Amino acid sequence: KQMALTTLNHAAMPSGSVLQKVMVTDVEAGSSINATSWTEILSSMRISITPKFSDSKLVITYHLLVGGNNSSLMRHYKIYNITSSADVDLSYTNGNRTPMHASFRNQDYDVNDADMMTVQAVDTSGSTVARTYGLYMKIQSGSSNTYHNATTTDDAAVGSIKPMIFIEEIKQ
């Protein structure tokens, strides 16, 4: 017997079940950031969810094109809870290192070299209140543009990528 999703009893689902998946797939803009403090990549890359349970795990994923402008500088990334103005699961310490969700150095051949990057974090819902997340980045020091979703050259020989952004709510 099939059950309509509108009548599905989420409370009866086993632990580990995906309760819902929210996606943002319509971001067409690129960005260029040159900052040594945490800066939001694009507000159009924000994603929101209203959890069904207060003890769920929320798996937040950003998959995007990142270009390092042929620089030797490290780029750092974190997923940030905009609603509560809080980092997502970065309250740990490891010496003097900065906690983050991803980091890379991209010095290949020229300013159009880029890689696909996946940035993930897991948050505990804590409530059933709606919340919004965003992706932030900074460079370690110095000055160098970092490109997201497209590279610096605007011609047919290089690409532009629409990022994939999603949140999965996992029942505990």
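What you see is a predicted model; the values in this text were computed from it and never measured. Residue numbers here run from 1 along each chain, matching the order of that chain's written sequence. Residues qualify for local features only when their pLDDT is at least 70, as the model is predicted, and side-chain atom pairs are given and counted only at 80 or more; totals for whole chains, interfaces and linings, by contrast, use all residues. To get the side-chain values, all heavy atoms of the structure are used, and hydrogens and water are removed first.

Caption draft 1: The side chain of H76, seen in detail. A run of H or I in DSSP counts as a helix once it spans at least four residues, and a run of E counts as a strand once it spans at least two, with each numbered from the N terminus. Here H76 lies in strand 6 (residues 75–81). Type-normalised accessible area, obtained with a 1.4 Å probe on protein chains alone, sets the label of each residue: buried when under 20%, exposed when over 50%, and partly exposed for intermediate values. Given a relative accessible area of 13%, H76 falls into the buried group. In terms of polar contacts, H76 uses its side chain to reach the side chain of S103, at 2.9 Å. Contact between two residues is taken to exist if any of their heavy atoms lie within 4.5 Å; hydrogens are not considered. With sequence-adjacent residues up to four places away left out, H76 is seen in contact with W38, M100, A102, S103, Y136, M137, K138 and Q140. Any pair of N or O atoms that falls within 3.5 Å is considered a polar contact. Within protein, one atom must be able to donate a hydrogen and the other to accept it, and sequence-neighbouring residues count only if both atoms are side-chain atoms.

Caption draft 2: Just the pairing of strand 6, in detail. Most of strand 6 is tucked away, with seven of its seven residues classed as buried. Side chains R75, Y77, I79 and N81 project from strand 6 onto one buried face, and the interleaved H76, K78 and Y80 project onto a second face that is buried too. Note on pairing: two strands pair once DSSP finds at least 2 bridges between them. Taken together, the three bridges between strand 6 and strand 8 (residues 102–104) define a ladder with antiparallel strand orientation. Counted as the bridge partner of H76 is S103 from strand 8. Sheet topology places strand 6 next to strand 10 (residues 131–139); seven bridges connect them, and they run antiparallel. Bridge pairing in strand 10 places K78 opposite Y136. Pairing of strand 6 with strand 7 (residues 86–87), which is carried by two bridges, proceeds in the antiparallel orientation. In the sheet register, Y80 faces strand 7, and the bridge partner there is D87.

Scope: geometric values only; no functional claims are made or implied.
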